[in-house]
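What follows is the residue order along each chain.
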Amino acid sequence: MVDQIVFGIGITALAGALATVAGAAEDTESDIGSQGDPNSQVQLAPQMGYIHRIFNKAIAGEPPAYGLWVALGAGVAWALMAMQVNAVLAIILGSALAVFVQGIYATTAYLGRIASLAKFGQPVYIDIIKSMTTVTMAHAFVAVFTTVTVCYLINVALGHPFPLPLLGLVWGIALGAAGSATGNPFYGKERQYQSQKFGAGVPIAASGNIVRYAEAGERNSLDNGWFSSKLGGPASGVCFGLIVFFELWRTVIFEEIANGWGAVIVGILVILIFAVIDRYIEIWARKTYGPYGKPEEAA
Amino acid sequence: MTVKVEVKEGGMPHNQILATGLIGSLVGIYITYLNNILGTDLLAFFGGIAATLALYWGSHTIKRLASYGIGTGVPSAGMIAFGSGVIGFLFATRFAIGGGILVPIIAVIAAAVIGAVAGVMANTILKMHIPVMVSALIEMSIVGALTLMGLSALVTGSFTFDALVTSRISFFGMELTTYESSLIGGSIIAVLFLLGGIAIQHPFNACLGPSWEQDRMLMLALECGFLSMIPAAVISFAFISMAAATISFVVAIVGWFYTYYRYIELARRDAAFWLDAKPIKEPEAGH
């Protein structure tokens, strides 16, 4: 009994650590590809006269896109394991195939979007595809491989009843949601709109006026990746890591209490504690850095 | 919401694309049914062709729907297509009359009914009032059902309920039936769901904009279909014979390579400029 819980805690810690790496890689990948919410502004920029050299990759929202990559990695790994392939090799091959699909989607998305902006004179920059697709694919591989491994640990070591592809779907969507919600603000509002004040949003007049020139030369999405890997990526990593850790921790420790209700109650308590912390940080950040402490003055 | 914002002259009429997709997809699925009669699984790859043709049609339906100003809803359109399609598909698989010969037809009818209900609800209860909403959701629901049926036939060689929930494994020389390692028991259907759900919305989502061209988007739809076939063919190695899965894989790779090459050519045709490592080309007026 105690041995089982100690084993469960060990797996929980390992899964949490893997998830942290996954979150960091996921956010950096989507920021280099401009896949998150700032993509609409990158898409809009040429129409407003701002020709740019930023990767414009619209595949889908991050949650469904990562739902596919991770479910695909897990599904192929599942099929290979059913054919008696070693689990580690199966997960690597499954993730590699998923990343191949992701890379193809990235190039077709860039070519399609840019070619459809021909009216505004936005060129297709081939060097952007060559240099950035490979970098997003590398980050996506780290994110997919670690998340499929988390799913495998949940399935095999903790005995979760869902089959691997279904766990891949669920945790892939969770990964995309964590990266989209936590990481993108760093990139979208702070990097893409450095001329705007903190917390000011993007007024209509500034639509499409993204930052196109870097400290030295012209900005491309690798600069965005460099920026967001410093804060946005780790923040997403901590977010997704905590989600996986708390999810497994409450189940492993408290499931025996009150026919499983113990785990549910602890889950609700964790959510409440985090809601209080989040609200406190938000108010503190607005008071300390925000421009609209007294909105009536602006009128 | 009801103003049509994008008008493009020329191109193939929607009804022609609809007919190509619907008839082509049904023919492809019925060819995989010959597997049951001939006692083989070598024709499984026609399921992938069927799914590709259905996606070809579905991408144009999404374009038609999204031209009424719901641009940000393009990926969700893919999800609702497959969400309603999967119900129609699984419902139809339970009709085992004549060894399941009626399953594709019943799936089309069931999916159409579910799509119609969703469309009427969107227009009346949610008050979206989009003229093509009902017909588009009916079409997309059928596309979802046919794509899932085609990909399931590609993976397992069949589309009947028994084939989807059971699989046979060899254990110490004995043939055993298992449920855990079947298409539905192993949740491979979740992978197929997202493969199709992303593939149906990607062509329009990637090609939208003022210089949208129909032939380029439709070529991308075919590319997405063949691309989805590749991982499905790899997964099929666990379900059907080595020879059948290899044929599917080779067909998928060849089809994908050709359509990807053609798509890049079309993108090059439509792009304003095609530059390699050149600086930002500021417009004449300047900013």
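Rules used in this analysis
- Residues numbered from 1 in each chain as written.
- Chains lettered and ligands numbered in written order.
- Predicted model: local features only at pLDDT ≥ 70, side-chain atom pairs only at ≥ 80, totals over all residues.
- Heavy atoms only, no water.
- Helix = DSSP H or I, 4+ residues; strand = E, 2+ residues; numbered from the N terminus.
- Contact = heavy atoms within 4.5 Å.
- Buried area = accessible area lost by both parts, 1.4 Å probe.
- Salt bridge = Lys/Arg side-chain N within 4 Å of Asp/Glu carboxyl O.
- Polar contact = N/O pair within 3.5 Å; in protein donor to acceptor, adjacent residues only side chain to side chain.
- Core = buried A, V, L, I, M, F, W, Y, C linked by side-chain atoms within 4.5 Å.
- Buried < 20%, exposed > 50% of the residue type's maximum accessible area, 1.4 Å probe, protein only.
- Axes fitted to C-alpha atoms, helices over the stretch in contact; angles between N-to-C directions.
- Parallel < 35°, antiparallel > 145°, perpendicular 65-115°, else oblique.
- Left-handed = near helix turned anticlockwise from the far one by under 90°.
- Nonpolar A, V, L, I, M, F, W, Y, C, P; charged D, E, K, R; others polar.
- Expected span 1.5 Å × (residues − 1).

K.L.:
I'd like a description of the environment of Gly16(A), backed by residues and values.
P.N.:
Within the element layout of this structure, Gly16(A) appears in helix α1 (residues 2–32). C-alpha of Gly16(A) to C-alpha of Phe246(A): the two residues are 230 residues apart in sequence and 8.4 Å apart in space.

K.L.:
With reference to specific residues and values, describe the interface of chain A and chain B.
P.N.:
Contact with chain A, which involves 55 residues of that partner, is made by 58 residues of chain B. Carbon and sulfur atoms make up 69% of the surface buried where chain A meets chain B, a total of about 4500 Å² over both sides. Contact with chain B buries surface across chain A, with Trp78(A), Tyr105(A) and Ser116(A) losing the most and accounting together for 13% of the total. Our count for the contact surface shared by chain A and chain B stands at 2 salt bridges. Between Lys130(A) and Asp276(B) there is a salt bridge; the shortest N-O distance is 3.0 Å. Our enumeration of links across chain A and chain B arrives at 25 residue pairs in polar contact (both at pLDDT 80 or more).

K.L.:
Summarise the nonpolar core; cite the residues concerned and give the values.
P.N.:
Grouped together as the largest cluster of nonpolar side chains are 147 residues, with contacts concentrated most on Trp69(A), Tyr105(A) and Leu192(B). Setting aside anything within four residues of it in sequence, one finds Leu192(B) in contact with Leu148(B), Leu151(B), Ser152(B), Val155(B), Leu183(B) and Ala232(B). In terms of nonpolar packing, the next biggest core, distinct from the first, is built from 7 residues, Ala45(A), Tyr50(A), Tyr187(A) and Ile210(A) among them.

K.L.:
How would you sum up the packing of helix α8 (residues 214–236) of chain B against helix α9 (residues 242–270) of chain B? Please name residues and give values.
P.N.:
Residue and element names in this part refer to chain B. At a minimum axis separation of 8 Å, α8 and α9 run at an interaxial angle of 155°. Between α8 and α9, the crossing angle belongs to the class labelled roughly antiparallel. Every pair of crossing elements has a handedness; the one defined by α8 and α9 is left-handed. In the contact of α8 with α9, the residues fall into 19 nonpolar, 4 polar and 6 charged.

K.L.:
Just give me the short version of the side chain of Arg212(A), but keep the residues and values in it.
P.N.:
Following the sequence through the fold, Arg212(A) ends up in the loop between α6 (164–191) and α7 (221–228). In this structure Arg212(A) comes out as buried when scored by relative accessible area, which is 8%. Contacts of Arg212(A), omitting those with residues within four sequence positions, involve Tyr50(A), Ile51(A), His52(A), Glu218(A), Arg219(A), Ile280(B) and Glu282(B).

K.L.:
Tell me about helix α4 (residues 103–124) of chain B, and please be specific about residues and values.
P.N.:
All names here are of chain B. Under the 1.5 Å per step criterion, the end-to-end length of α4 is 31 Å for 22 residues, consistent within 8% with the ideal 32 Å. Along α4, the residues classified as buried are Val103, Pro104, Ile106, Ala107, Val108, Ala110, Ala111, Ala112, Gly115, Gly119, Ala122 and Asn123. Summarising the contacts, the buried residues of α4 are in contact with α1 (14–38), α3 (74–93) and α5 (133–156).

K.L.:
Report on the side chain of Arg216(B), specifying residues and quantitative values.
P.N.:
Mapped onto the secondary structure, Arg216(B) falls in helix α8. Here Arg216(B) falls in the buried class, since its relative accessible area comes to 0%. A distance of 2.6 Å separates polar atoms of two side chains, one belonging to Arg216(B) and the other to Asp270(B). When sequence neighbours within four positions are dropped, the list of residues in contact with Arg216(B) reads Leu111(A), Gly112(A), Ala115(A), Ser116(A), Cys207(B), Ser211(B), Tyr263(B), Leu266(B), Ala267(B) and Asp270(B).

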